[in-house]
Structure formats: structure tokens, C-alpha cells
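Below are the chains, spelled out letter by letter.
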Amino acid sequence: MQRKVHAPGVAALLAALLVGCTSGSGGDGASDDSKPGDTGSSAAPAEPGRYRTLPEPCGEVDPGTLDAMLPGIKELTDTEQREKAYEGTPMVTYDTDRRVGCRWKVESAGASHHLLVDFERVVSFDGAVSDDDRAAEVYATKLREAGLSAPPSSGTQDEGDGGDGESPDSSPSKGSGDAEKTAAGDKAGGDKAQGGKSENSKSPDDVGKDTGDDKGKPDGDGEKDEGADDASTSPTTPPAGLEPRTLDDLGDEAFLDDALTTAASATRHRTVTVVFRTSNVIVTIEYDEQPGRRTDVPDSKEMQDKARELADGLADAFDE
């Protein structure tokens with residue numbers, strides 16, 4: 001009877017090969033969902049933002065503020081309609097943890113007013129960039145779109161946000177247009193407001209025609225000329241100190257934009273915008289007034305004061 005021959009050397013070799021293959025397959029230790037640039041547990045993640053949720057904006061504006069900013073709201077005689085006007089209309093958003101807003105619009109005999117309050121919570125998906133830093137980049141983009149630049153002492157990260165290739169002139173924003181009107185002076189603004197038909201834009205021949213017979217007059221009666229003269233003397237750019245500017249006493253950083261939209265065939269309307277950042281939340285307030293008469297111009301200081309007062313109240317609410 002033959003005895004079996006054992007080969008202990010062959011068994012040991014196979015075991016060694018098996019151990020080597022097993023250790024080589026998991027040597028890198030990297031996971032499939034690792035973020036680019038992650039260096040493992042040795043690098044601490046960036047700080048999260050202060051705010052994890054957003055308040056409901058329709059409830060953040062008190063009735064007294066709405067009475068001041070929307071004068072026509074108290075003139076509504078229908079009780080149900082007035083209550084709905086105070087409640088506002090929520091903006092449609094896809095993620096209420098990231099962005100919410102509310103609108104109010106009220107028309108009265110003298111003018112129509114529109115108010116928008118918008119809250120945006122910025123979240124960074126880069127482990128090396130904090131939510132606050134990412135929010136500062138978003139704010140810097142809004143600042144450039146308004147035709148403004150950050151003050152030298154500001155912590156706004158203009159360099160980090162400059163990669164998108166935008167410039168202050170690349171966006172046809174109302175802030176940029178208003179800045180150009182400010183630089184050009186009141187004369188340019190007055191000519192634009194009259195659609196090229198203001199008294200200052202008339203040629204010597206036109207002036208002579210006006211002093212003659214009816215053939216030199218524009219179509220219609222003399223009331224149109226009177227309205228044009230009244231409009232030509234109205235300010236079309238904010239007075240000194242009320243022009244679009246950055247604000248150093250609101251939130252972490254803030255700016256105010258003031259734009260007067262003019263057209264020869266329509267009434268003028270002014271839009272005052274206040275934007276401020278507090279940690280990783282950006283608050284935007286848009287306040288618009290459109291008079292019923294074409295010759296009326298909304299008061300810049302009055303609208304700015306009301307928008308600033310609302311912004312201060314919202315900033316205090318976020319600090320609580």
C-alpha cells in the first residue's frame with residue numbers, strides 16, 4: 001500500500017501569496033465619496049455658519065412698519081383684503097432652509113408701493129471653506145453687481161470671488177446705472193428723465209418756435225409742457241450723501257443702492273435696495289415706489305430712511 005506524499009513547502013507558499021494579495025487590495029484606505037483636497041483626519045473641517053435655519057420673513061415685518069412703508073394699506077376698506085395685505089405673499093422656493101422671502105404690494109390713489117424681504121442662508125460644500133467665507137463671496141458678487149466696491153478695511157473676499165469673470169460693468173443692474181447717472185450729474189439725469197424733450201435739451205430754433213405761433217408747440221395742449229418743466233426741475237439722482245454706498249453700521253457688511261427708473265412714456269419709480277450679511281445669512285430688502293403722476297418723483301431720503309429702519313430691525317432680530 002502506497003503512502004501519500006505531503007508537500008508542506010507548497011502549502012506555505014500559497015498562504016504567503018494569499019496574505020500579500022489581501023493586504024495590497026486595501027492599502028490606499030481612500031473612500032469613494034472623499035472630497036477633493038481632503039487630507040484625512042489630520043485636517044480640521046472649516047467652521048459651520050452661525051445660522052442653521054431661517055425665520056419666516058412674512059412674520060418678521062411688524063404692522064407699524066408696513067403702515068409706514070405701504071401707506072395705501074390703511075386705506076383698504078375691505079377687512080379681508082386689508083388682512084391679506086398685511087400678511088404678505090411668501091416667495092416660492094425649493095428649500096426653505098436655504099432661502100425664503102415675502103412680498104407686499106399695495107396701491108393707493110397717489111402711488112403704488114412694493115416691498116420685498118429675502119433671506120438667503122449660504123452653505124459651503126467645500127470642507128476647506130467656511131460658511132461665513134462662502135457667504136462673503138456671495139455678498140461680494142452682489143456688491144459688484146450694484147456697481148460698488150468694498151471699502152479698504154472690509155473683510156469682503158473680492159479676490160476669492162473674482163474667478164467668475166464678472167465685472168461691475170458686466171451686469172445691467174440698476175445700481176450700476178444709477179452710479180453712472182451720479183457721475184454724469186443732474187443735467188444728464190434730467191435729459192434722460194424727459195426722454196430728450198426737456199427744456200434744457202431744446203435747440204435755439206426750438207426755443208424760438210415756442211415763442212411763436214402754435215406750430216412750434218408739441219402735439220396736445222400746453223399742460224404737457226408744464227408737466228415737462230416741473231419734471232425737469234425734479235431731482236433724478238440722489239442728493240449728496242444719499243447716493244449708492246456701502247454701510248459700516250449694519251451687520252457684518254452692507255450696502256445701499258438707490259435707482260430711479262425714468263421713461264418718457266411712463267411714470268418714474270424709485271427702488272431702494274439694502275443688502276447686508278450677518279454670518280452666513282444674506283438679507284435683501286427692496287423697496288419700490290411708483291407715483292400715480294408722471295411728474296412726481298419719489299423722495300430718496302424718505303425711502304432710504306424707511307428701508308434702513310427695517311434693515312436695522314431685521315439685523316437685531318438675527319442677533320437675538
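In this text the structure is predicted, and so the values were computed from the model without any measurement.

**Focus on the overall build of the chain**
When helices and strands are counted, the chain shows 10 helices and 7 strands. Scored against the burial criterion, the 320 residues of the chain give a buried share of 36%. Within the chain, contacts between residues separated by at least 24 positions form 62% of all contacts whose residues are at least 6 apart in sequence. In the form shown here, the chain has an accessible surface area of approximately 18,900 Å², with 50% of it arising from carbon and sulfur atoms.

**Looking at a negative patch on the surface**
Together, E56, E60, D316 and E320 make up a negatively charged patch on the protein surface. Relative to the assigned elements, E320 resides in the segment after α10 (300–319). When its relative accessible area of 81% is taken as the criterion, E320 is described as exposed.

**Things to note about helix α4 (residues 131–145)**
Taking 1.5 Å of rise per residue, the 15 residues of α4 would be expected to cover 21 Å, and the 21 Å separating its terminal C-alpha atoms lies within 8% of that figure. Inspection of α4 places D131, A135, A136, E137, V138, Y139, A140, T141, L143 and R144 among the buried residues, and these make up the whole buried set. One or two steps after α4, the chain reaches G147, where phi turns positive at roughly 80 degrees.

**Digging into the pairing of strand β7 (residues 281–291)**
Most of β7 is tucked away, with 9 of its 11 residues classed as buried. With 11 bridges joining them, strand β3 (residues 111–121) and β7 adopt antiparallel strand pairing. Paired with S112 across the bridge in β7 is Q290.

**Here's the deal with the pattern of salt bridges**
Within the structure shown, the criterion is met by 11 salt bridges. Between E302 and K306 there is a salt bridge, with the nearest N and O atoms lying 3.2 Å from each other. Residue E302 and its partner K306 are located together in helix α10, separated by 4 residues, close to a single helical turn. Counted as one network, the salt bridges with shared partners bring together D249, R308 and D312.

**So, the environment of P244**
Of note, P244 is situated in the loop between α9 (223–232) and β4 (245–247). For the pair P244 and T273, spaced 29 residues apart in sequence, the C-alpha separation works out to 9.2 Å.

**Observations regarding the packing of aromatic side chains**
Using the criterion set out here, one finds 3 aromatic pairs in the structure. Consider the rings of Y51 and F318, whose centres lie 5.4 Å apart with planes at 80 degrees: the pair is edge-to-face. Here F318 lies in helix α10 and Y51 lies in the loop between α1 (8–25) and α2 (63–69), a separation of 267 residues in the sequence. The exposure classification of Y51 matches that of F318, with both residues buried. Summarising the aromatic geometry, the rings of F119 and F318 are spaced 5.2 Å apart at their centres and angled 85 degrees between planes, so their arrangement reads as edge-to-face. Note that F119 is positioned in strand β3 and F318 in helix α10, a separation of 199 residues in sequence. We note that F119, like F318, is buried. Through a chain of ring-to-ring contacts, the aromatic side chains of Y51, F119 and F318 assemble into a single cluster.

**Describing the side chain of H113**
Structurally, H113 can be placed in strand β3. For H113, a relative accessible area of 6% corresponds to the buried category. Within the structure, the side chain of H113 is placed 3.4 Å from the side chain of E289, a separation counted as a polar contact. What H113 contacts, discounting residues up to four positions off in sequence, is M69, L70, P71, W104, K105, V106, Y287, D288 and E289.

**Section: the pairing of β3**
Burial of β3 is extensive: 11 of the 11 residues sit out of reach of the surface. Burial of β3 is two-sided: the residues A111, H113, L115, V117, F119 and R121 facing one way and the residues S112, H114, L116, D118 and E120 facing the other way are all buried. As defined by bridge partners, strand β2 (residues 99–107) adjoins β3 across 9 bridges and the pair is classed as antiparallel. Across the sheet, residue R99 finds its bridge partner in β3, namely E120.

**Regarding the confidence of the model for the chain**
Looking at the chain, pLDDT values average 73 and 59% of them are 70 or higher. Predicted confidence for residues 21–41 stays below pLDDT 50, and this span has 3 contacts to residues more than four positions away or in other chains. Note on residues 154–234: pLDDT under 50 across the span, and 86 contacts to partners over four residues away in sequence or across chains.

**Things to note about the environment of A128**
Within the secondary structure, A128 sits in the loop between β3 and α4. For A128, a relative accessible area of 69% corresponds to the exposed category. In the structure, A128 is positioned 81 residues away from E47 in sequence and 8.9 Å away in space, judged by C-alpha atoms.

Rules and cut-offs
- Residues numbered from 1 in each chain as written.
- Predicted model: local features only at pLDDT ≥ 70, side-chain atom pairs only at ≥ 80, totals over all residues.
- Heavy atoms only, no water.
- Helix = DSSP H or I, 4+ residues; strand = E, 2+ residues; numbered from the N terminus.
- Buried < 20%, exposed > 50% of the residue type's maximum accessible area, 1.4 Å probe, protein only.
- Contact = heavy atoms within 4.5 Å.
- Areas by Shrake-Rupley, 256 points an atom, 1.4 Å probe, with all protein chains shown as cover.
- Patch = residues over 30% accessible without salt bridge, like charges linked within 9 Å, V, L, I, M, F, W, Y side chains within 5 Å.
- Salt bridge = Lys/Arg side-chain N within 4 Å of Asp/Glu carboxyl O.
- Lys, Arg positive; Asp, Glu negative; His and termini not counted.
- Charge placed at Lys NZ, Arg CZ, Asp CG, Glu CD.
- Expected span 1.5 Å × (residues − 1).
- Pairing = 2+ DSSP bridges.
- Phe/Tyr/Trp six-rings, centres within 6.5 Å; stacked < 30°, edge-to-face > 60°.
- Polar contact = N/O pair within 3.5 Å; in protein donor to acceptor, adjacent residues only side chain to side chain.
- pLDDT = per-residue confidence, 0-100.

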